[in-house]
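Per-entry structural report
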Amino acid sequence: MAEVSVKSFIPESFPGSTSDIAGTIGLLWELIKAPLVVPLLRISVYICLAMSIMVFIERLYMGVVIILVKLFMKKPEKRYKWEPMREDVELGNAAFPLVLVQIPMFNEKEVYKISIGAASNLSWPADRLIIQVLDDSTDLVIKDMIEKECIRWANKGINIRYQIRETRGGYKAGALKEGLKRDYVKDCEYVVIFDADFRPEPDFLHRAIPFLVHNPNIALVQSRWRFVNSNECLLTRMQEMSLDYHFTVEQEVGSSTHAFFGFNGTGGIWRIAAINEAGGWKDRTTVEDMDLAVRAGLKGWKFLYLGDLQVKSELPSTFKAFRFQQHRWSCGPANLFRKMVMEIAKNKKVSLWKKFYVIYSFFFVRKIIAHMFTFFFYCVVLPLTILVPEVDVPKWGAIYIPCIITALNSVGTPRSFHLLFYWVLFENVMSFHRTKATIIGLLEAKRVNEWVVTEKLGDALKNKSNAKSAPKKFKFNFGDRILIHELGFAVFLFICGCYDFLYGKNCYFIYLFLQVITFTIAGFGYVGTIVSIRRRTNHLSSIDKGFLENLLQNALENSRKSNCLGAILEDNGGDDNDDELISGLELSEEESSDDSMQGTQNELEVLDNETVVAEKVSSRQMDTSALACSILGAPASSLDKFFG
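Residues numbered from 1 in each chain as written. Predicted model: local features only at pLDDT ≥ 70, side-chain atom pairs only at ≥ 80, totals over all residues. Heavy atoms only, no water.

**Description of the nonpolar core**
If you look at the biggest cluster of nonpolar residues, it comprises 94 residues, and the most contacted ones within it are L205, W270, V294 and F303. Within the second largest apolar cluster, 51 residues are counted, among which are F377, W423, L425 and Y511. (Core = buried A, V, L, I, M, F, W, Y, C linked by side-chain atoms within 4.5 Å. Buried < 20%, exposed > 50% of the residue type's maximum accessible area, 1.4 Å probe, protein only.)

**Things to note about the UniProt feature "transmembrane region" (unreviewed entry) in the protein**
Within this numbering scheme, the UniProt entry marks residues 43-69, 356-387, 399-426, 482-502 and 508-533 as carrying the feature "transmembrane region" (unreviewed entry). Summarising residues 43-69: 100% helix, 0% strand, and an end-to-end C-alpha distance of 39 Å. Between the end C-alpha atoms of residues 482-502 there is a gap of 30 Å, over a span that is 90% helix and 0% strand. (UniProt positions renumbered as here; feature names shortened; annotations may be inferred. Helix = DSSP H or I, 4+ residues; strand = E, 2+ residues; numbered from the N terminus.)

**Overview of the sheet that holds strand β3 (residues 160-164)**
Here we have 7 strands laid out as an open sheet, ordered β3-β2-β1-β4-β6-β5-β7, and mixed in their pairing. Unpaired on one side and paired on the other, β3 and β7 (302-313) mark the two borders of the sheet. Mean inter-strand twist for the sheet, computed between neighbouring axes without regard to direction, equals 25 degrees. Bridge count between strand β5 (residues 218-227) and β7: 9 bridges; the pairing is parallel. Looking at the pairing, R224 lines up with Q310 of β7. (Pairing = 2+ DSSP bridges. Axes fitted to C-alpha atoms, helices over the stretch in contact; angles between N-to-C directions.)

**Considering the packing of aromatic side chains**
For the structure on display, the rule yields 31 aromatic pairs. Between the aromatic rings of Y360 and F364, the centroid separation amounts to 6.5 Å while the plane-to-plane angle is 40 degrees, which identifies the pairing as tilted. Of the two residues, Y360 and F364 both sit in helix α11 (residues 352-387), 4 residues apart, roughly one turn of that helix. Accessibility expressed as a relative area gives 26% for Y360, which makes it partly exposed. Three or more aromatic residues link up through ring pairs in this structure, and these residues are F198, W225, F247, F260, F261, F263, W270, F303, Y305, F337, F362 and F363. If you follow R161 out to its NZ or CZ, it ends over the ring of Y184, 4.2 Å from the centre. Across from the ring centre of F319, 5.2 Å away, lies the NZ or CZ of R323, which sits over that ring. (Phe/Tyr/Trp six-rings, centres within 6.5 Å; stacked < 30°, edge-to-face > 60°. Lys NZ or Arg CZ within 6 Å of the ring centre and 35° of its normal.)

**Side note on unusual backbone geometry**
Phi is positive for Y171, which is not a glycine, with a value near 55 degrees. Here Y171 lies in helix α5 (residues 171-179). Even without being glycine, C507 reaches a positive phi, approximately 60 degrees. One can find C507 in the loop between α16 (484-503) and α17 (509-523). Look at C507 and you get partly exposed, because its relative accessible area is 46%.

**As for the pairing of β5**
Buried residues dominate β5, accounting for 9 of its 10 residues. In this structure, β5 lies alongside strand β6 (residues 268-271), joined through 3 bridges in antiparallel fashion. Across the sheet, Q222 pairs through a bridge with G268, a residue of β6.

Okay, here's the thing in C-alpha cells:
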C-alpha cells in the first residue's frame, strides 16, 4: 500500500473562499486531535479528578472533625487553664502584664480613627497598656491627621505613641519589627495587632490575655473576624461566606487537633518571647503573618483560636481592592511553601503527623491545589471536553463531588445559603486570579512581592449623601473597569456552551452560560461597590475650617524649613503676617462647593503627593494666592483678600 505522509493532507496553496479555509482548518484539527489533543486532555481530566478527590477528602475530614469538636470537645476555658485577671491588693495594677497594641497604617484616611479609638477604649489598666500607631503613610495630609488623633487621645491620658519610619522597607512586617525595637517596649510581654479598620470590644484583652498568662506554651491567641459591611453589596456577601468557612472550620480544626493554624495578621495576641524565638518578623513574602506562625509552630509553640472572641472589621467592597488582596493572599502562601517545605520536613521538634498536616493539608491542598483545581477543571478542562467528545468526564467528578464540596463550604454562613450557586460561579471567576498568583508564588515571578494595601472606605459612602455634589459626569477608567482576561474567558465559555447546546448530550451549557454571565459582569467591572472618581474631591469639600487652618499652618512651617515659602512670605510682609493670614482664613460652604471643585480638581490631586509643596514653591515668582489654593483646593478668589 502506498505510504501516506502528513503532506498529503495539507494542500500546497489555500484557496481564497471561506469554505475552503474552514475545511482546511477542520482537516488540520482532525489531524492533530487524535494523536495529540485527546491524550493530553484525557491526562488533564485524570489530574483534575485526582485534585478533586484531594479537595473532597480534605473538606470531608474537616467537616467530620468540626462536628466532633462541637459535640464532644470542651470549651477552650476548660481545655486550658483560664482565670480572670484581677487587681492584686498588694501589687495593684502590677498584677496585670504590660501589653503592647500595634496598629500598622498606610494612608488610612477613612478608618484611622476607628482602630485608634477602639484601642484607646480597651478595658485594661492605663499604666499597663501601650498603644503604638505605626504610620507608614506617604500622604503628608493623612500623616498629620493620624498624628493629631494620637495627640488627642494622649491628652486624655492614654499611653499612645505615634511612630514613623524613613522608608517603608518590609512593608507591614518591617513596621511591626521596627515597633518592637523601641526602648519603651522592652518590658512588654504580649503584643496585640489590629489593622486600621479593626474595632475590638473593650473586654478583648480581659478575655484573651488569661490564656497566655496561665499557659506558658501558648504563643498566639487568634480572634474571629466579623464584618460591619457584609451587607453592603453582593461582593461582600461572597467574601463573608468564604471567610466564615475559614474561621468556623479551618481555624477551629487546626486549633483543636494540632494547636496550629495560620495567623490572620490582625485580631490576635502574640507572646513576644515566641516571636523572638521564631526569628521575629520577616518580609521575604507577602504573608508575614503566616510566615511567623509556621516558624513559631516548628519551635513547638501552640496556638489557640477563640471563635467566640470576635472583632469587627471591614471587607474590601470594590472589585479592584478585592483582586489585589486575593493576589497577595494566594501568592504569599505559595511562595512561603516553596521556601519552607524542606525546613518543615527536616524539623525534629514537632511530630511526623503535624509535619504531614502542615505540608499536605495546610499548604498543598488548601493553598495550592484548591485554587488550581477550581480554575483548570471548571474553566478550562471541562469546557474543552465539550469540544472533544472523545474525552469523557465521569458524572461523579463533574457533578457529585463538586456539589458535596460546595455544600460543605456553606456551613460557615447559613444565612447566605440561597446565594450558594452564585458564590460558586463567582469563586470560579476569582480562581483565575488565585491560580495565577499561586503560580507566580511557586515560580517567584516578578509580582511575587507585590504589596498593595487593601483600600478601606469606612463611612465615606455613608457620608456621601450628606455632602453637596455637582451633576455627575461620566468618567470611564478603561484600565480599572475593563478586564480583558475575564472577557476572554467569557467568550471561550460562550463558544463551548453554544457547541454543547447544539451537539452535546450532557447539558453542560446551562452551567456554561451562567458562568459566561458571571465572567462578563466581572469583565466589565460591575462587581462590588462602584466608587466615583469624584468621591475624594467631594470628601475634601466638606473638610472643616479648623482642619484647613492646620493644613495651611503646617504647609507654611514645612516650607519655611526648606527656605522656599519663607522668601515668598517675606515679600508679603514677613512672618508677622502669618498669624493674620491663618486667623483670617474663611472658606464659605458656597466657595468650596461643586463649582470650585470643577475648577480645581487637578489641584486637589496634589494632596496625595508628598512633594507638592516643594514643587509648587520652587519658583519665587509664583503668586501666593495660587499657592494657598493649590494647598487647600479652594478658588483663588476666596483667598486673595488675605494677601497683600
